[in-house]
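Letter by letter, the chains look like this.
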Amino acid sequence: MTTQRTHIMVCGGTGCVSADSLEIVEKFKGALSDAGYSDEVGVIKTGCFGFCGQGPIVKIHPDNVFYVKVSPDDVAEIVGEHIIKGRTVQRLLYQEPETQKKLPKHDEMSFYKKQYRIALRNCGLINPEDINEYIAFNGYEALGKALTEYTPDKVIEIMKASGLRGRGGGGFSTGLKWELTRKTVSDQKYVICNADEGDPGAFMDRSILEGDPHSVLEAMALAGYAIGAQEGIIYIRAEYPLAIKRLEVAIAQAREYGLLGKQIFETNFSFDIKIKLGAGAFVCGEETALIHSVEGNRGEPTKKPPYPAVEGYNRKPTVVNNVETLANVAPIILKGAEWFSSIGTEKSKGTKVFALAGKVNNVGLVEVPMGTTLREIIYDIGGGIIGGKKFKAVQTGGPSGGVITTLDLDTPIDYESLRAIGSMMGSGGMIVMDEDDCMVNIAKFYLEFTQDESCGKCTPCRLGTKRMFEILDKITKGEGTMDDITKLRTLGKTVKESALCGLGQTAPNPILSTLEYFYDEYLAHIQDKRCPAGACKALAKYKIIEEKCIGCTACARVCPVSCISGAPKQKHVIDEEKCIACGACYTACKFQAVLRP
Amino acid sequence: MKMLSIRINDIPLQVPEGTTILDAAKAVNVKIPTLCHMNLKDFGIVNQSASCRVCVVEVEGRAPLAPACSELCTDGMVIRTDNLRAISARRTAVELLLSNHPFDCLLCPKNLECELQALAQELGIREIRYAGEKMDHPKDTSSYALVKDPNKCVMCRRCETMCNTVQTCGILSAVNRGFNVFVGPAFNLDMVDTSCTFCGQCVAVCPTAALTEVNNTDKVWDHLADPKKHVVVQVAPAVRVAIGEEFGMDPGTITTGKLVSALRALHFDAIFDTDFGADLTIMEEASELIHRIQNGGVLPMLTSCCPAWVKFFEHQFPDMLDIPSTCKSPQIMLGAIIKTYYAEKMGLKPEDIVVVSVMPCLAKKAEAARPELTKDDNNNVDIVITTRELALMLKEAGVNFAGLPESQFDHLLGESTGASVIFGTTGGVIEAAVRTAYDWITGETLEKVDFQQLRGLEGIRSATVKVGDMNLRIGIAHGLGNARKLLEDIRDGISQFDAIEIMACPGGCIGGGGQPYHHGDMDIIKKRQAAIYQEDRGKVLRKSHDNPYIKQLYDEYLGKPNSHKAHELLHTHYIPKEKI
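S.K.: Account for the overall build of chain A, naming residues and giving values.
M.R.: Tallying secondary structure elements over chain A gives 25 helices and 19 strands in all. Relative to the 2.2 N^0.38 estimate, which gives 25 Å for 597 residues, the radius of gyration of chain A is 26 Å and therefore close to what a compact globule would have. Residue burial in chain A is summarised as follows: out of 597 residues, 58% are buried. The contacts of chain A with a sequence gap of at least 6 include a subset with a gap of at least 24, amounting to 71%.

This is the structure in structure tokens:
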């Protein structure tokens, strides 16, 4: 790092970039230059800080002051007050929702307090486009250590002992995967990084690649050394342009430094990495489909066995690891298996990154030790439900997962316990839902996604997800019958048991779990033609409660389709035929006289 | 070989390592229904997409069900195919397929030949619980040969295996995804705009009517009913050993005499034999080969009877168009002779003659429509129907095929030799050519005309035949993927052959895309082949140049083989085409 006294670290993650953080960077540079501070104060565009709901984020180092929701217009004030005069800009500090206290330091915020960052260790800390900064934080030390001190078998032994399991969803032991690939005899082997992150709302892999690309490159080289591969491929969706650019920069820099290429660290180990862009099909996250796509074929799964460890890319043994999994590798090699396995639960070691979204106060990326409870994530880190509404459920595992209710909020998160309650770890999507969310509608949302993303190869997934979606659509329109429930159950079970790949096998989970925990909501839709959450437009019937209405006309004035009639100071009435269920009357009424469906 | 102990429905058995659950079950008489699965064993053609999930079974200790067609047995495996869990999953898979299938079975070209229909019957499906939207894609009727109806596609991918793995044409693959997926050319191009050879192997294996032939039977009926038209029919050699299957006769039954009677029952004005065209082809092709050998011409020479093969090399090897023989195929040669020589002899105007070909093949339909073969209206074939289409016409006309008496082809263009009969199988064309070339090169009369070394069903075969003091090096390939290998060797300059015979379809014309559906039973192809050789053995004359009517044709009309007149009528040229 340079000898500048202060660094202004501006988040360059996708969320903040889309909220003008790049303009903020430029403004800082201009303002510093105008003030004559360019030499002593640097501006660094970092990776994602994780606290996306509060972005754009600007952190001043080493003062450890964390500014949130910064706009380009705030730059002059930060430079003038903080940089020049040394005074913290109070109005840009984060205010804890519960205590209403302004907190300048990120480690004091409840959002960060319970987090433990291994995979995200450098995100928001370093400039991802400068290899020197990665190296300054022990980057490539693990690779150097492994190449010079450890045999490949020793590396595998450490990985196995660490207990690291695949973070992409499957949860297979990484060390074991490497060992199986190492054991397959072949003239050529490959390491593939699965960066085809596709769960709706998930962006942890993207953030790691954008914020700390070298951590993935280093891990791929380590995997290559362990299994005996000289070639690595990063399969990344073309929709991640920033991550691709940063990977390209990182690969070029690593080659320049001799950390990729021939005879790394003057050993006999050579390894290089290329990038393969994917078209963004969800199914290409499934490893056999991914491999076919890398080969230039249609991204479609094939039956396993053979597993990629035996026959993968170009029919050669191939390790396919997900980004987050790889981001854990270098710290494990450096700090040892014992350190890593001391974190987490008995069968799930280390940490897991979640993309916390939905109806929580603190939306963003969180990395917590395995075994943290959902309650801690939602209420402590997430700051509870927005607007103090009632928590209804949390959905984990994306389209492959299920919903978890209040009953299981104290479940410690690990692969097995999530599965036991009908959901799964998945790649780490976590969507919090409140009383306004309709569970039938949620299931329909996920089925719409999976039936659209199904490659169409096998019958249960191609047609089963389509039919299940159609049934859910029918129910949300108030046209469902009790027979539809039976159909959803049997179809869901069959698709789960007989689909060809993981996409199809898990596609019914959102239905099966909502059927289990929210059966009454299905019944309400079918028998009472009512959506208790008021989310299903076709079923939403607003009514005015006569006793409460004072005839203020507020509702009639806001109704966009003029379907509320009634003279001033008289009881008002909603014409259900004309009502479009927009809810404007409900919001406008100050007397709680509008009954929401 | 390592043996594995397994149990299927409580039946203990031992199977060799590498056995699928499906094959293991067969061994103990347990039937597991299948749909996408296809294993054309001796031909080495396997479709194992494991995609239809109709064959799923329960494997103890495992949560998901396993596809029996592709899941290999492991030691100690305990399998149940007969419990409700497995049965219900299989039934659901079929119901789902049916829920997205047009219910036009009564009008469907595959009615009673459809494997999905058979499966629904076999599983006793009487109700489809999961109704919903059905696919609605337009039919592709762009080509002269085949019709593609995506709405009947069940995504078994058998056609893809044939097109891509076996024929290496690479035309068919999945288009779109999810519910909208079906098999078609890239970017859903029209078939006619692709490098499709129209070999019809996709049609031969399609379990439903997603791929069928273009039906020309109405056109034939119309011409037969037109008193102003003189409708001539010709029948390819492979038809006579297969059409009986359509009428419940055993595969491999030779039905030549009944076939002629049947055509007569349809009131064709003249019934000729494409075998005559095949004899004529040998006259020209053997002459061309000898000319090339004796004058330092381009070798190897490749046969050109198979129109799918011709289109294949035009698209795939456009730089090598000087290698194939310039001979037209037997059907086109005969068409030309009918509209010239025959017309003159009969005092008919060529424009009043309609030539109908009955072929085991779909590519022949496209061949008859090639611009360079139709530019002269009096020099061509008008309509091509397949073996299956002829069977349809006969059924429609109420002809009791199996009960018909035997009768003879009409004179002049109806006589043929054994050499022309074997054109119907892989190895046959080149054997016929050798029989004639031998006599012509050596000036002797070949006594033993059976060249066993050229026969069989190996994909690529080679043999050296001693012809006088010369060793004629012969290569044979059937299946376009095998042909590609030979072509690549020629391009790389490492070919060892003087003459190569190529047929696009596995087995040759007997396995053509227009033949009665084999439904995966390759023994049928073997029986047809045996029948072809049996027919050859039964012939008095077994060399093309011994055919007296061929001699007469040259004496009266063509002069000598490869003469100017022969070239005008019987030879063609090839056009480089794009690979799409």
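S.K.: Help me get a handle on the interface of chain B and chain A, residues and values and all.
M.R.: Chain B puts 29 residues into the contact, and the matching count from chain A is 25 residues. Elements with a minimum of two residues in the side of chain B that touches chain A: α2 (84-99) and β9 (173-175) of chain B. Here the element with the most residues in the side of chain B that touches chain A is α2 of chain B; it accounts for 7 residues. Considering only residue class, the side of chain B that touches chain A consists of 15 nonpolar, 10 polar and 4 charged.

S.K.: Quick one: what's the story with the domain arrangement of chain A, residue by residue and with numbers?
M.R.: Domain boundaries in chain A define domain 1 (6-108), domain 2 (131-339), domain 3 (351-434), domain 4 (439-527) and domain 5 (541-595). Relative to domain 5 of chain A, the C-alpha centre of domain 3 of chain A lies at a distance of 37 Å.

S.K.: Tell me about the sheet that holds strand β8 (residues 231-237) of chain A, residues and numbers included.
M.R.: Residue and element names in this part refer to chain A. As summarised here, the arrangement of the 4 strands in space is β9-β8-β7-β10, forming an open sheet in which the pairing is parallel. Edge positions in the sheet fall to β9 (272-278) and β10 (318-322), since each of these pairs with one other strand and no more. Neighbour to neighbour, the strand axes of the sheet diverge by 20 degrees on average, direction disregarded. Judged from the 7 bridges that link them, β8 and β9 form a sheet pairing that is parallel. Bridging across to β9, Glu-231 finds its partner in Asp-272. Strands in contact with helix α10 (residues 213-227) are β7 (190-195), β8, β9 and β10; relative to β7, the strand with the most contacts, it is inclined by about 150 degrees.

S.K.: Account for the domain arrangement of chain B, naming residues and giving values.
M.R.: Domain parsing of chain B yields domain 1 (3-99), domain 2 (134-213) and domain 3 (217-570). Taking only C-alpha atoms into account, the centre of domain 1 of chain B sits 42 Å from that of domain 3 of chain B.

S.K.: Just give me the short version of helix α6 (residues 141-149) of chain A, but keep the residues and values in it.
M.R.: Residue and element names in this part refer to chain A. Listed in full, the buried residues belonging to α6 are Ala-142, Leu-143, Ala-146 and Leu-147. Mapping the buried residues of α6 onto a view down its axis gives an arc of 125 degrees, with all of them on the same face. Seen from the buried face of α6, the exposed residues on the opposite side, beyond 90 degrees, are Thr-148 and Glu-149.

Rules behind the numbers
- Residues numbered from 1 in each chain as written.
- Chains lettered and ligands numbered in written order.
- Predicted model: local features only at pLDDT ≥ 70, side-chain atom pairs only at ≥ 80, totals over all residues.
- Helix = DSSP H or I, 4+ residues; strand = E, 2+ residues; numbered from the N terminus.
- Rg over C-alpha atoms; globule rule 2.2 N^0.38 Å.
- Buried ≥ 20, exposed ≤ 12 C-beta atoms within 10 Å, placed from the backbone.
- Contact = placed C-beta atoms within 7 Å.
- Nonpolar A, V, L, I, M, F, W, Y, C, P; charged D, E, K, R; others polar.
- Domains from an automatic or database assignment.
- Pairing = 2+ DSSP bridges.
- Axes fitted to C-alpha atoms, helices over the stretch in contact; angles between N-to-C directions.
- Arc of directions from axis to C-beta.

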